Number of protein chains: 2
Amino acid sequence: MSDLSVTVDTYLAGWNEVDAERRAGIVERVWAANGRLTDPPLEATGREEISQMAATLQSQFPGHRFIRVSGIDEHHHHFRFAWEFVAADGSVALSGLDVGELAEDGSIARITGFFGALPSNDAA
Amino acid sequence: MSDLSVTVDTYLAGWNEVDAERRAGIVERVWAANGRLTDPPLEATGREEISQMAATLQSQFPGHRFIRVSGIDEHHHHFRFAWEFVAADGSVALSGLDVGELAEDGSIARITGFFGALPSNDAA
């Protein structure tokens, strides 16, 4: 696994970690101090807000986990990968794409999430 | 069409405009002054570099044009859409995804392009 895939999979592990202290440690390890996480329902800036955002999602979807379902496409410290948000019974509650940028030190500076498939072209 | 679809389609028109002066006008209209464009082969910061990047691509692929082939998925001033880069004979030379962020005034602050489909998951 590349450094980036370790970083991305650790980032996803942060979403999945229900123990607040362990989650804070994971977030500290992969996110830049001023990292920015922007998802359709919520946004967070900085490690404390990012960790809190995971706690909020966990409270709404108990037992669900994020898994990476694509390779990671990277250039110029920018990257994208697909994920699924899976219930305890294995059903997929949501799928999406995360697009991110690394800081100079390899920590995550920004992630923007998009949910579902791209909309069809309605501007014909 | 929404304001954002006008902005995105004008941005693509900038890639396609071969007249340097008209292209500079388009870039001025849609891009923030310090806008950043990051594609797999090239990156550019600021309007002059962005316009030059389009000229470079045009010189390598005469007669090709970008067209938008999806709707635009937007939240929190972040957006994504799919495009194709099409030769004069209609054949698709390249397809990809652009992910961007708007500045407060609605101009484009950043666009990151990704080429082709997502890689398959090699980390099983």
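Scroll up a little and you will see the structure.
Presented here is a report on the structure given in the accompanying data block. (Residues numbered from 1 in each chain as written. Chains lettered and ligands numbered in written order. Predicted model: local features only at pLDDT ≥ 70, side-chain atom pairs only at ≥ 80, totals over all residues.)

**Here we look at the interface of chain A and chain B**
Size of an interface: often given as the accessible area lost when the parts come together.
Right, on to step 1. Between chain A and chain B, the residue contacts involve 24 residues of the former and 24 residues of the latter.
Right, on to step 2. Where the side of chain A that touches chain B is concerned, the elements lending two or more residues are β4 (73–75), β5 (78–86) and β7 (108–115) of chain A.
Right, on to step 3. Among the elements that line the side of chain A that touches chain B, the one with the most residues is β5 of chain A, at three residues.
Right, on to step 4. When grouped by side-chain class, the residues that make up the side of chain A that touches chain B number nine nonpolar, 10 polar and five charged. (Contact = placed C-beta atoms within 7 Å. Helix = DSSP H or I, 4+ residues; strand = E, 2+ residues; numbered from the N terminus. Nonpolar A, V, L, I, M, F, W, Y, C, P; charged D, E, K, R; others polar.)

**Topic: the relation of the copies chain A and chain B**
Right, on to step 1. Under the fitted operation, chain A is carried onto chain B by 0.0 Å of movement along the axis and a turn of 180°, and the coordinates agree to an RMSD of 0.0 Å. What the rotation and shift describe, once combined, is the action of a two-fold rotation axis. By C-alpha distance to the rotation axis, the residue of chain A lying nearest is Val99 of chain A, at 3.9 Å.
Right, on to step 2. Comparing interface residues between copies, 100% of those in chain A also lie at the interface in chain B; the contact surface is shared. (Least-squares fit on C-alpha atoms with pLDDT ≥ 70 in both.)

**Examining the environment of Gly63 of chain B**
Right, on to step 1. Tracing the chain through its elements places Gly63 of chain B in the loop between α3 (47–60) and β3 (65–68).
Right, on to step 2. Taking C-alpha positions, Gly63 of chain B is 19 Å from Phe115 of chain B, a pair spaced 52 residues apart along the chain.

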